[in-house]
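Examination of the molecular architecture
Residue-level listing of the chains:
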Amino acid sequence: MSHLSLLLPVTGLFFLISSTSGSQSDAAYPVTCGTRGADLPEDGLVASCPPDCSRRKVSVFGTEIYASVSSVCGAAVHRGLLGRAGGPVRVHKLQGRRDYEGSSAHGVRSLALSRWTASFSLSKPVNVPLELTSDTSSTALPAAAPPAKKQLKKPSVKKALTAGNKDCQVDIAMVIDSSKNIGHRRFNLQKNFVSKLAAMLRVGSTGPHIGLIQASDSPHTEFSLTNYTEPKALLSAIGGLAYLGGDSHTGEAILHAVQTFFGQGGGGRRGHPRVLMVLIDGWPTDDPEPAAVLARESGINVFLVSVAKAAPEELAMVRDKDFGRKVVCRDDGFFSHTMGSWFSTTKHVRPVAQKLCSLDRLLCSKTCYNSVNIGFLIDGSSSVGEGNFQLVLDFLAAVARSFDVSDVGARIGAVQFTYEQRLEFGLFDHNSKEESIKALRRIPYMSGGTATGAAIAYATHSLFRRAGPGRNFLIVVTDGQSYDDVRLPAAAAHRQGITIYSVGVAWAPLDDLTAMSSEPKQSHTFFSREFTGLIECVPLLVRGVCEDFTKTN
């Protein structure tokens, strides 16, 4: 699977099996309006497009046969296969070609393109399974299916598919409350909530893994992260949980999870975010703060889902009234979720699932978002022009904004080039995201010729002075032909462990772009005919960096 296929918004999708049967390729694959043909992992895949893609600025190149750099959903609207409501469309991958023809149809204008490395065509699919989706600002889920279908109103435990959710590759340890505070009846309601949550998450070998601990007088491991990687078996294990009773030693359960669950011996996967979700009815009878501190120091994201706060007459029995603020990864509201009662938990399943799968907000993990070094190599040649140069800076600022830049987190640096090179600021010159973005926007336009090869060599030595295999990334933005050779400097950068993404715009030649890019070339090469279209590349580029980081860390 190419990394760009993972550059989709993080989802908590829950699939329902339709009454018709079909092959595996008939399952709808959720995409965004900006997803390109090159981003799809296989031929013949059915892409599920959100609504209103025709109203967004999408890049489409070709007519009937489209360059793989084109938006799939934009091309489907252009072809007349989809309307404003979106829907499924089958994508057929083809070889590259020359002379893609531009045209206007169905409210979408496609552009001509002289040549590209791969193509695709589109057709209407048959027998596509129904899909339950939602759309929120925190996780950017694909648009919801039509509300008229009653089976889409609630997540169904029985309808979970066995395939894992590849956009939520997280290791999740769940600590559930089995103390005397909760009692038998509410314990069973808690199990029902956990079952629905597990179904919504869609565990699988290539999706999230879930382990479970019961908190009581002492922690009791029910199953580890790798015991159940198929939904049916996992739901059966949850249904078979027995109530323990005893005190609510939540701190001991958190400590047990930190020490035993996430290492390779406990089934933890290398490079996957670690999440610890703690369910508690009332309050803990021990002090969970020391264990929570250890969890944060170990790169584990602790979520607290609480029910039934202490009544005024019970407050005297609460050891630490601020325990909720001290347990979570970060006290910003995101890592805490409150349910008023165990009798109304269904409406909370989706919000909790979305949080657990929001990879870009798991701030306690050592992930790409807080661990990478990103250098921007910016074409300042005369052909760019002052106005377009500002659009390039807007694009790069949007990329930078996606990362947690700090003195202990991700780092940003920038070099501008013409025939000459100028270090605008180094990776360690600014210690916050705000400072880095301000420095980007203050870069003055140089104007001059285009010597991209010399600029790559300069950036390799001036920006990336510290070795960091899998952590150093160079994003090259250029609008034209380089007057010098780019192959040798790019190869030298690759040998030094620098991953290069090339972003071409306007008249940037494909040969130069692919020569600079890291392997696989197609997934590390981006192109936009217009400078205004660069902003569409941001989510794809960011997620690409993250997958590259995950593969090597």
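Coordinates for the structure precede this section.
My aim in this report is to walk through the structure given alongside it, one point at a time.

Calculation notes
Residues numbered from 1 in each chain as written. Predicted model: local features only at pLDDT ≥ 70, side-chain atom pairs only at ≥ 80, totals over all residues. Heavy atoms only, no water. Helix = DSSP H or I, 4+ residues; strand = E, 2+ residues; numbered from the N terminus. Buried < 20%, exposed > 50% of the residue type's maximum accessible area, 1.4 Å probe, protein only. Contact = heavy atoms within 4.5 Å. Areas by Shrake-Rupley, 256 points an atom, 1.4 Å probe, with all protein chains shown as cover. Disulfide = S-S within 2.5 Å. Expected span 1.5 Å × (residues − 1). Phe/Tyr/Trp six-rings, centres within 6.5 Å; stacked < 30°, edge-to-face > 60°. Salt bridge = Lys/Arg side-chain N within 4 Å of Asp/Glu carboxyl O. Pairing = 2+ DSSP bridges. Axes fitted to C-alpha atoms, helices over the stretch in contact; angles between N-to-C directions. Parallel < 35°, antiparallel > 145°, perpendicular 65-115°, else oblique. Right-handed = clockwise from strand over helix to strand, strands pointing away.

1. Observations regarding the overall build of the chain
Summing up its helical and strand segments, the chain has 14 helices and 22 strands in all. Within the chain, the fraction of its 553 residues that count as buried is 57%. Taking the intrachain contacts of the chain between residues at least 6 apart in sequence as the baseline, contacts between residues at least 24 apart amount to 78%. Accessible area for the chain stands at about 22200 Å²; split by element, carbon and sulfur atoms hold 50% of it.

2. Structural notes on the state of the cysteines
Under the counting rule described, the total for this entry stands at three disulfides. Two residues, C33 and C53, share a disulfide whose sulfurs are 2.1 Å apart. Between C33 and C53 the disulfide shows an S-S torsion of about -85°. By sign, it is left-handed. Taken together, the residues span a long stretch of sequence, with C33 in the loop between strand 2 (28–30) and strand 3 (46–49) and C53 in the loop between strand 3 and strand 4 (62–63) at a distance of 20 residues. The same class applies to C33 as to C53, namely buried.

3. A few points about helix 14 (residues 538–552)
For helix 14, spanning 15 residues, the distance from its first C-alpha to its last is 22 Å, which sits close to the expected 21 Å at 1.5 Å a residue. Within helix 14, 11 of the 15 residues are buried, which leaves the element mostly enclosed by the surrounding structure. Taken residue by residue, helix 14 has V538, L540, L541, V542, R543, G544, V545, C546, E547, D548 and F549 as its buried positions. The elements touched by buried residues of helix 14 are helix 8 (368–371), helix 9 (386–401), strand 20 (472–478), strand 21 (498–505) and strand 22 (525–528).

4. Notes on the packing of aromatic side chains
Tallied over the full model, the rule gives 11 aromatic pairs. For the pair F61 and F527, a centre-to-centre distance of 5.9 Å together with 55° between the ring planes defines the contact as tilted. Taken together, the residues F61 in the loop between strand 3 and strand 4 and F527 in strand 22 connect sequence positions 466 residues apart. Take F61 and F527: they sit in the same class, and that class is buried. Between F223 and Y228, the aromatic rings sit 5.2 Å apart at their centres with planes inclined by 85°, giving edge-to-face as the arrangement. Owing to a relative accessible area of 2%, F223 belongs among the buried residues under this scheme.

5. Quick look at the pattern of salt bridges
The tally for this structure, following the rule as stated, stands at 10 salt bridges. Note that D511 is salt-bridged to R115, the shortest N-O span being 2.8 Å. With D511 in helix 13 (residues 510–516) and R115 in strand 9 (residues 113–123), the pair connects residues that are 396 residues apart, well separated along the chain. You can call D511 partly exposed: its relative accessible area is 40%. With a shortest N-O distance of 2.6 Å, D394 and R441 are connected by a salt bridge.

6. Here we look at the sheet that holds strand 22
The sheet built from six strands is open, its strands ordered 19-18-17-20-21-22 with mixed pairing. Every interior strand has two partners, whereas the edge strands, strand 19 (421–425) and strand 22, have only one. Put simply, the sheet's adjacent strands are angled 20° from each other on average, direction ignored. Here strand 20 runs beside strand 21; their pairing, made up of seven bridges, is parallel. Each residue of the ladder has a partner; that of V477, found in strand 21, is V503. This element, helix 14, spans strand 20, strand 21 and strand 22 of the sheet and lies at about 165° to strand 21.

7. Quick notes on unusual backbone geometry
At the junction of E519 and P520, the peptide bond is cis and its omega measures out at -10° in the coordinates. Of note in this structure, D52 is not a glycine but carries a positive phi near 65°. Here D52 shows up in the loop between strand 3 and strand 4. Residues other than glycine seldom take positive phi values, yet H106 does so here, at roughly 55°. Mapped onto the elements of the fold, H106 is located in the loop between strand 7 (103–105) and strand 8 (108–110). On the accessibility criterion, H106 (55% relative accessible area) is exposed.

8. Here we look at helix 7 (residues 346–356)
Structural remark: α-helix, 3.6 residues per turn; residues separated by three or four positions point the same way. Burial of helix 7 is extensive: eight of the 11 residues sit out of reach of the surface. Within helix 7 the residues assigned to the buried category are H348, V349, R350, V352, A353, Q354, K355 and L356.

9. What about the packing of helix 2 (residues 183–201) against helix 3 (residues 231–239)?
With their axes 9 Å apart at the nearest point, helix 2 and helix 3 run at an angle of 170° to one another. Classified by the angle between their axes, helix 2 and helix 3 sit roughly antiparallel to one another. Side by side, helix 2 and helix 3 meet where K191, V194, S195, A198 and A199 of the first sit next to L234, L235, I238 and G239 of the second.

10. A short note on the pairing of strand 21
In terms of burial, strand 21 is largely enclosed, as eight of its eight residues are buried. Burial along strand 21 is two-sided: the residues I498, I500, S502 and G504 and T499, Y501, V503 and V505 are all buried. At this point the chain moves from strand 20, through helix 12 (residues 487–495), to the parallel strand 21, and the crossover so formed is right-handed. As judged from the four bridges shared by strand 21 and strand 22, these two strands associate in the parallel manner. Paired with S502 across the two strands is T525, which belongs to strand 22. Crossover handedness for the path strand 21 to helix 13 to strand 22: right-handed.

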